[in-house]
2 protein chains.
Amino acid sequence: MEQGSFKVLADGSVTTPKGFRAGGLHCGLKKTTRHDLGAIVCEVPATAAGVYTTNVFQAAPLQVTRESIGSDGVLRAVLVNSGNANACTGEQGEADAYEMRSRFAEAIGVSADQVAVASTGVIGENLKMDKVRSGIDGLPAKLDGGLAGAEDFCQAILTTDLVQKMVCVELMLDGQRVSIAGAAKGSGMIHPNMATMLGFVTTDAAIGSDELQTLLRQSTDLTFNMITVDGDTSTNDMLVAMASGLAGNQSLTPQHEGWAAFADALRYVCEVLAKAIARDGEGATKLVEVQVRGAESDESAQAIAKTVIGSSLVKSAVFGADANWGRIIAAVGRAGQPVNPATVDIRLGDIVTLEQSRPVAFDEDAALEYLKGDTVVIGVDLHMGSGSATAWGCDLTYDYVRINAAYRT
Amino acid sequence: MEQGSFKVLADGSVTTPKGFRAGGLHCGLKKTTRHDLGAIVCEVPATAAGVYTTNVFQAAPLQVTRESIGSDGVLRAVLVNSGNANACTGEQGEADAYEMRSRFAEAIGVSADQVAVASTGVIGENLKMDKVRSGIDGLPAKLDGGLAGAEDFCQAILTTDLVQKMVCVELMLDGQRVSIAGAAKGSGMIHPNMATMLGFVTTDAAIGSDELQTLLRQSTDLTFNMITVDGDTSTNDMLVAMASGLAGNQSLTPQHEGWAAFADALRYVCEVLAKAIARDGEGATKLVEVQVRGAESDESAQAIAKTVIGSSLVKSAVFGADANWGRIIAAVGRAGQPVNPATVDIRLGDIVTLEQSRPVAFDEDAALEYLKGDTVVIGVDLHMGSGSATAWGCDLTYDYVRINAAYRT
């Protein structure tokens, strides 16, 4: 599949970029037998970048990862556990996160500040470190550079997610084949206010860590920061990118002729993962995409798109396949943004339901049929300016309530 | 029941204050046989005040009511229909709202600008005016000054509400018995950003419309604006107060010695109605109250309380009686307010779960028992300053999804 200047690799994974191996295993943090500890390891020092949750209560592993990347912008590995967020766990939690880092660094023979750590799961319980330690000791033997290792890693980072989320693209830079891949988990407590959930990007492109940070931030703002499942911003959101540089291109800077193409490909990788998280939101039966056009600015369009995608009433109506555009316009009107109440168009897919703020007679059966599909696009045109934005989310269902009424127990 | 300087009248209603009659009937806007058209009428010109939704898309009746109250601060009546919000209905909607006003004014022999109009129900459909007209013509014969008329009115303003919401208090001013009563409806699309839903307050106190507006705004900020059911702010929110002045007290001003007592009683009336709306939120099984203390300011405490009460994850956990305080602290941390991550206490009722941001071992059975009750109080102490606030909401349940997945159809 061609996407502009890059190609999507159907069989690609986080181990496709040169230099990366991955793996996962079950150490016992999850009650099920699914993997709950995983890692991505790079055979050379990879330039690295990270974005983190804006929640005041940041989990212990975020501090450790920030420190690792902050020391010299280089990582050799990222270690992840699911089943326990190691958040609000005090000094013991910090000690545990540091121990995870140093023990895994030793196991793979690198220095501690070259290892990032991430956790996801329940808040406020201390890690069962005996299980984590034996898992870490067994993990190096599980790492491989093929699809199997990548899939084991993807499984290890899931919580209530139903499906694994991975994508890989390829583009040409300086005559060299460069790939960018990503893996992510999401599901609940998803309302990124910067990075979201856990996301991991690997690439074999040569690029400095500052440049990688710039592009990661840009991509995040247009992708992970534009999804919501339930409006709740996690304490553990983290997105980490590692670039091995083994593709052989000249190091990417804004002056490089391939800069825009690489940025575009990276944004695509993030968008695929972000949409996959939204579609696999807790209890979700479908992906909802809100496209806002004609706003005064992109920022204004973003705020409106996020308000509509976050509306419980809109989400419930989509679940019920009810073409209830009144809830959409009510959400547009409370977004706190400039809106001309007389010039709004709303459509569901190609079905126009409101034009210049006046109801349009539409085919209810066709709308019902459309809303029953697995992807619903809500279009809003304000006819005020050239600002636009797209946000993604999911429907609100009985299963969301079921999952969250008994998460801890 | 004594409440400070006022007394709650168990059998009181919006017709208890001297000068008011009320009533309701079924004109055919609702599919059920419940009343869908009602009115409160004052036998003398009542000073009046109103607060309205901040949603950009304001329904036609809001414009009409604003005009009526704005003309001279006096009302003789308020006419309300349920089953149709008359919102996003264009010029026809405006014409219909004006026609409702003038037809009812004529029916009760007052001038049009002494009548307020309110609507609630589905957005984007034109009113069936033939039914409304015949309803208006029959309504004057249904008005009475007793409890029956008040209850008919209360039923006429409900949509998905399960119970009627009414309250009446009495206090002494200048040796005169003064009463204040209120009626409201709520249920869904409840996230007031000023007034909420429909609320109507009657009093026989003598008070100027400017003074009444001041007190109504103050009360609203602490009551209706501190509740949420689903985070969606309606296009039709409206709170109207009418004061007949027939109690015989000297007209209330900030210099009057009874000013604070009256303000306190009015706030209580609004708080009872606001809490009743939260408890009767769509699908709700219980009332949730969030008390924030120790914030840097009251505004900061309000923002935090509203973030916690609005969290889908917190609401689901309460429904499931899961003492998942991790979701509470995550909500506190994303409220965008100053929070010291090291000094937060959280309690559920009297059960302390977090102290100085450290988990406290607590009796899970006792917590389960507490959370199964019909009222859940979540306490948050930030230990930073003296700012405090209380917000009210409800749990998120299967029934919320059921009700909203098929509202229109």
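Model, not experiment: these values are computed from the prediction.

The rules behind each value
Residues numbered from 1 in each chain as written. Chains lettered and ligands numbered in written order. Predicted model: local features only at pLDDT ≥ 70, side-chain atom pairs only at ≥ 80, totals over all residues. Heavy atoms only, no water. Axes fitted to C-alpha atoms, helices over the stretch in contact; angles between N-to-C directions. Helix = DSSP H or I, 4+ residues; strand = E, 2+ residues; numbered from the N terminus. Parallel < 35°, antiparallel > 145°, perpendicular 65-115°, else oblique. Left-handed = near helix turned anticlockwise from the far one by under 90°. Contact = heavy atoms within 4.5 Å. Nonpolar A, V, L, I, M, F, W, Y, C, P; charged D, E, K, R; others polar. Expected span 1.5 Å × (residues − 1). Buried < 20%, exposed > 50% of the residue type's maximum accessible area, 1.4 Å probe, protein only. Arc of directions from axis to C-beta. Least-squares fit on C-alpha atoms with pLDDT ≥ 70 in both. Phe/Tyr/Trp six-rings, centres within 6.5 Å; stacked < 30°, edge-to-face > 60°. Lys NZ or Arg CZ within 6 Å of the ring centre and 35° of its normal.

Draft legend 1. Quick look at the packing of helix 1 (residues 60–72) of chain A against helix 2 (residues 90–108) of chain A. Residues and elements named next belong to chain A. The interhelical angle for the contact between helix 1 and helix 2, taken along N-to-C directions, is 45°, at an axis separation of 8 Å. Here helix 1 lies oblique to helix 2, going by the angle between them. Seen along the crossing, helix 1 lies across helix 2 with a hand that is right-handed. Residue-level inspection shows A60, P61, Q63, V64, E67 and S68 of helix 1 in contact with helix 2, the latter providing G93, E94, A97, Y98 and R101. Tallied by class, residues from the contact of helix 1 with helix 2 come to five nonpolar, three polar and three charged.

Draft legend 2. Region of interest: helix 5 (residues 209–222) of chain B. Residues and elements named next belong to chain B. A rise of 1.5 Å per residue sets the reference length of helix 5, with its 14 residues, at 20 Å; its end C-alpha atoms lie 20 Å apart and thus fit the reference within 8%. Those residues of helix 5 lying buried are S209, L212, L215, L216, S219 and T220. Looking straight down helix 5, one finds its buried side chains confined to an arc of 135°; they lie on one side. Each element contacted by the buried residues of helix 5 is listed here: strand 4 (37–52), strand 10 (238–243) and helix 6 (259–279).

Draft legend 3. Quick look at the relation of the copies chain B and chain A. Least-squares fitting of chain B to chain A yields an RMSD of 0.0 Å, with the superposition described by an axial translation of 0.0 Å and a rotation of 180°. Accordingly, the operation relating the two chain copies is best matched by a two-fold axis. Within chain B, the C-alpha atom positioned nearest to the axis of rotation is that of B:Y398, 2.6 Å from it. The share of interface residues of chain B whose copies in chain A are also at the interface is 98%, consistent with both copies meeting through the same surface.

Draft legend 4. Region of the structure containing the packing of aromatic side chains. One pass over the structure, following the stated rule, counts seven aromatic pairs over all chains. When the centroid spacing of 4.9 Å and the interplanar angle of 45° are considered together, the rings of A:F6 and A:Y268 count as tilted. With a gap of 262 residues between them, A:F6 in strand 2 (residues 6–8) and A:Y268 in helix 6 (residues 259–279) connect regions that are remote in the sequence. Like A:Y268, A:F6 is buried. Connected via pairs of aromatic rings, a cluster forms that spans A:F319, A:Y398, B:F319 and B:Y398. We note A:R66 situated over the ring of A:Y52; from NZ or CZ to the ring centre the distance is 4.4 Å.

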